[in-house]
Amino acid sequence: MLWKRLIAWKVKTDPVWSGLAERRGWGQYLYNITTPPQNTEAHQYFRKLYPGIIHDIKTMQENWLNGNHTLTRIECHSENSKGVYCLQYDEDKIVSGLRDNTIKIWMRNDMSCTKILTGHTGSVLCLQYDERVIVTGSSDSTIRVWDVDTGQMLNTLVHHCEAVLHLRFNDNTMVTCSKDRTIAVWDINTASDIILRRVLVGHRAAVNVVDFDEKYIVSASGDRTIKVWRTSNSEFVRTLHGHRRGIACLQYRGNHVVSGSSDNTIRIWDVECGACLRLLEGHEELVRCIRFDDNKI
């Protein structure tokens, strides 16, 4: 079942493959939820499926490069202020954090706004959701947890003393960072039972972004540095130096960190040794957001 394992690994590690698995429907055959259609022998099914996936990805890339896509706009009308600071989406919905202190949920099929979550007293600067909860961070210094289906507020976490700029959670761990220069590591027992495990101190300016996996927590700051900490015990590991101005964004994946800065550059780092592997120049203004996969940034 080599072809099946190869495709399953791609789906697990590449968001493009994951999206295709859900959209095309063949993802259900990877985990024995059901058998391939028409009683096809499994090995042959996945062997023929692989080049079809490659063709789909190539077609999508060509469509983006050639402008063969449809643009749909959502107007976020607010009485007092306008602006979308953060969002996340899936096949069914878009969840957005707004300057007007609300979280709005939009349906992908007709772009209608189905829920408006209120409770924050400041702009919603960051969010993440899974199949159970939405977690948001705000300029009101709080982190709030909401039921993803009902929109009910389940928890409010008060720790940071200035704006919560970014957050990430996975399994039973959440990491938040703030304008107050600190990083907070939380243990998630349930949505209503979240306990502060550790506060990481070391940055000399606002901590703009965090990312983590089971091995490392990686943080970036307006102090021009990236810091690496061990996830298991919150022990400081190293500082990555190189950017000439504050760092606005990063992603950590595998052994690599990719960061974007107000110095208009992107840097690729080896997280294990702290070396800067590549310096990418070309932007004429600051780099505010970044994502990468196995093939591109």
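Along every chain, residues carry numbers that run from 1 in the direction the sequence is written. This being a predicted model, a pLDDT of at least 70 is required before a residue's local features are given, and a value of 80 or more before pairs of side-chain atoms are given or counted; all residues contribute to the totals for chains, interfaces and linings. Note that water and hydrogens are dropped before the side-chain values are worked out from all heavy atoms of the structure.

A. Geometry of helix H2 (residues 15-24). Regarding H2, the residues found buried are Trp 17, Leu 20 and Ala 21. Summarising the axial view, the buried residues of H2 lie within an arc of 105°, below the 170-degree limit, and thus occupy one face. Residues of H2 that are exposed and angled more than 90 degrees away from the buried face: Pro 15, Glu 22 and Arg 23. On its buried face, H2 sits against helix H1 (2-13) and helix H3 (42-66). The N-terminus of H2 is capped by Asp 14, whose side-chain oxygen sits 2.8 Å from the backbone nitrogen of Val 16. Helix and strand assignments follow DSSP, with helices taken as H or I runs no shorter than four residues and strands as E runs no shorter than two, numbered in order from the N terminus. In the stretch just after H2, Gly 25 is the one whose phi turns positive, near 95°. Buried, partly exposed and exposed residues are distinguished by accessible area as a fraction of the type maximum, computed with a 1.4 Å probe on protein chains only: under 20%, between the cut-offs, and over 50%, respectively. Note that the arc is defined by the directions from the helix axis to the C-beta atoms. Contact criterion: two residues are considered in contact whenever any of their non-hydrogen atoms come within 4.5 Å of each other. Any N or O atom pair separated by 3.5 Å or less is treated as a polar contact, with the protein-specific requirement of one donor-capable and one acceptor-capable atom, and with residues adjacent in sequence counted only for side-chain atom pairs.

B. Layout of the pattern of salt bridges. One speaks of a salt bridge when a side-chain nitrogen belonging to Lys or Arg is within 4 Å of a carboxyl oxygen belonging to Asp or Glu. For the structure on display, the rule yields nine salt bridges. A salt bridge links Arg 144 to Asp 140; the nearest nitrogen and oxygen atoms lie 3.9 Å apart. As far as the burial class goes, Arg 144 and Asp 140 line up, both buried. Linking Glu 235 and Arg 230 is a salt bridge whose minimum nitrogen-to-oxygen distance equals 3.6 Å. Exposure remark for Glu 235: the relative accessible area of 42% places this residue in the partly exposed category. Arg 230 gets classed as partly exposed once you look at its relative accessible area, which sits at 31%.

C. View of the packing of H1 against H2. Every axis corresponds to a line fitted to the C-alpha atoms, with the helix fit spanning only the stretch in contact, and the corresponding angles, defined between N-to-C directions, vary from 0 to 180 degrees. At a minimum axis distance of 5 Å, the contact between H1 and H2 shows a crossing angle of 110°. As far as their axial angle goes, H2 and H1 are roughly perpendicular. In contact with Ile 7, Lys 10, Val 11 and Thr 13 of H1, H2 contributes Pro 15, Trp 17, Ser 18 and Ala 21. Three categories are distinguished: nonpolar for Ala, Val, Leu, Ile, Met, Phe, Trp, Tyr, Cys and Pro, charged for Asp, Glu, Lys and Arg, and polar for the others, with Gly belonging to the last. Counted by class, the contact of H1 with H2 contains five nonpolar, two polar and one charged residues. Each angle gets one of four labels, with under 35 degrees taken as roughly parallel, over 145 as roughly antiparallel, 65 to 115 as roughly perpendicular, and the rest as oblique.

D. Region of interest: the sheet that holds strand S8 (residues 153-158). Each pair of strands is called paired provided DSSP finds at least two bridges between the two strands. Taken together, four strands build an open sheet; the order of strands is S5-S6-S7-S8 and the sheet is antiparallel. The two strands at the open ends of the sheet, each matched to only one other strand, are strand S5 (124-129) and S8. Taken pair by pair, the neighbouring strands of this sheet meet at an average axis angle of 20°, ignoring direction. The pairing of strand S7 (residues 142-147) with S8 spans five bridges and is antiparallel.

E. Geometry of the side chain of Thr 142. Here Thr 142 is to be found in strand S7. Relative accessible area serves as the criterion here: at 9%, Thr 142 is assigned to the buried category. Here the side chain of Thr 142 touches His 120 through a polar contact of 3.4 Å, side chain to side chain.

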